Amino acid sequence: MTFRNRPRKALAAKLKRIRLFATDVDGVLTDAGMYYSESGEEMKKFNTRDGMGIKLLQRAGIITAIVTQERTKLVAWRGEKLMIPEVHQGVMDKLSLVREMVARHGLSMDEVAYIGDDVNDVPTLAAVACMGA
């Protein structure tokens with residue numbers, strides 16, 4: 001094994017242990033834009049490829065979760081469409097919520113992957129086994 005392959009193998013070993021995948025919404029599952037109609041209705045643009053990725057994780061037996069500070073019907077509908085079992089909106093302390101899910105599912109933080117893109121995601125990103133920003 002060359003030195004160059006060590007980080008890849010270490011990452012692969014971490015990924016094999018993941019049992020819970022949690023993600024923020026705005027800027028992660030969406031294009032980070034805020035769209036409003038003339039009547040003031042809010043809209044979000046979700047990427048279908050992210051949806052397929054979530055379905056693949058679920059098929060692999062990984063628990064999927066949405067954790068967002070926002071509170072919208074759009075997020076509830078997207079979570080329902082993708083059959084995400086853990087949809088949490090209006091979350092001010094994301095790390096506490098992720099720790100609660102971990103305890104409820106009998107997991108450890110070493111079995112969690114999290115994707116977030118804002119300052120309120122930093123504590124959670126720092127606490128999990130695998131993170132993306």
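Below you will find a few notes about this structure.

What counts and what doesn't
- Residues numbered from 1 in each chain as written.
- Predicted model: local features only at pLDDT ≥ 70, side-chain atom pairs only at ≥ 80, totals over all residues.
- Heavy atoms only, no water.
- Buried < 20%, exposed > 50% of the residue type's maximum accessible area, 1.4 Å probe, protein only.
- Helix = DSSP H or I, 4+ residues; strand = E, 2+ residues; numbered from the N terminus.
- Arc of directions from axis to C-beta.
- Contact = heavy atoms within 4.5 Å.
- Salt bridge = Lys/Arg side-chain N within 4 Å of Asp/Glu carboxyl O.
- Core = buried A, V, L, I, M, F, W, Y, C linked by side-chain atoms within 4.5 Å.

Turning to helix H4 (residues 94-104), a few remarks are in order. Residues of H4 that are buried include every one of Lys94, Leu95, Leu97, Val98, Met101 and Val102, and no others. Projection of H4 onto a plane perpendicular to its axis shows the buried side chains occupying an angular sector of 160°, all on one side. Lining the buried residues of H4 we find strand S1 (20-23), strand S4 (63-67), strand S5 (86-88), strand S6 (112-115) and helix H5 (122-127). Positive phi shows up at Gly106, right after H4, with a value of about 65°.

What follows is about the pattern of salt bridges. If you walk through the whole model with that rule in mind, you get 6 salt bridges. Note that Glu86 and Arg104 form a salt bridge whose closest N and O atoms lie 2.5 Å from each other. Highlighted residues: Glu86 in strand S5 and Arg104 in helix H4, separated in sequence by 18 residues. By relative accessible area, Glu86 is classed as buried at 7%. One salt-bridge network, held together by shared partners, links Asp24, Lys94 and Asp121.

The biggest cluster of nonpolar side chains holds 17 residues, and the ones touching the most others in it are Leu20, Val67, Val98, Met101, Val102, Met109 and Val112. Counting residues per element, this core draws most heavily on H4, at 5 residues. The residues touching Leu20, leaving out its near neighbours within four places in the chain, are Ile62, Ile63, Ala65, Met101, Val102, Leu107, Glu111, Val112 and Ala113. If you look at the next biggest cluster of nonpolar residues, it comprises 13 residues, including Leu29, Ile54, Val75 and Cys130.

None of the figures reported here should be taken as evidence of function without further support.
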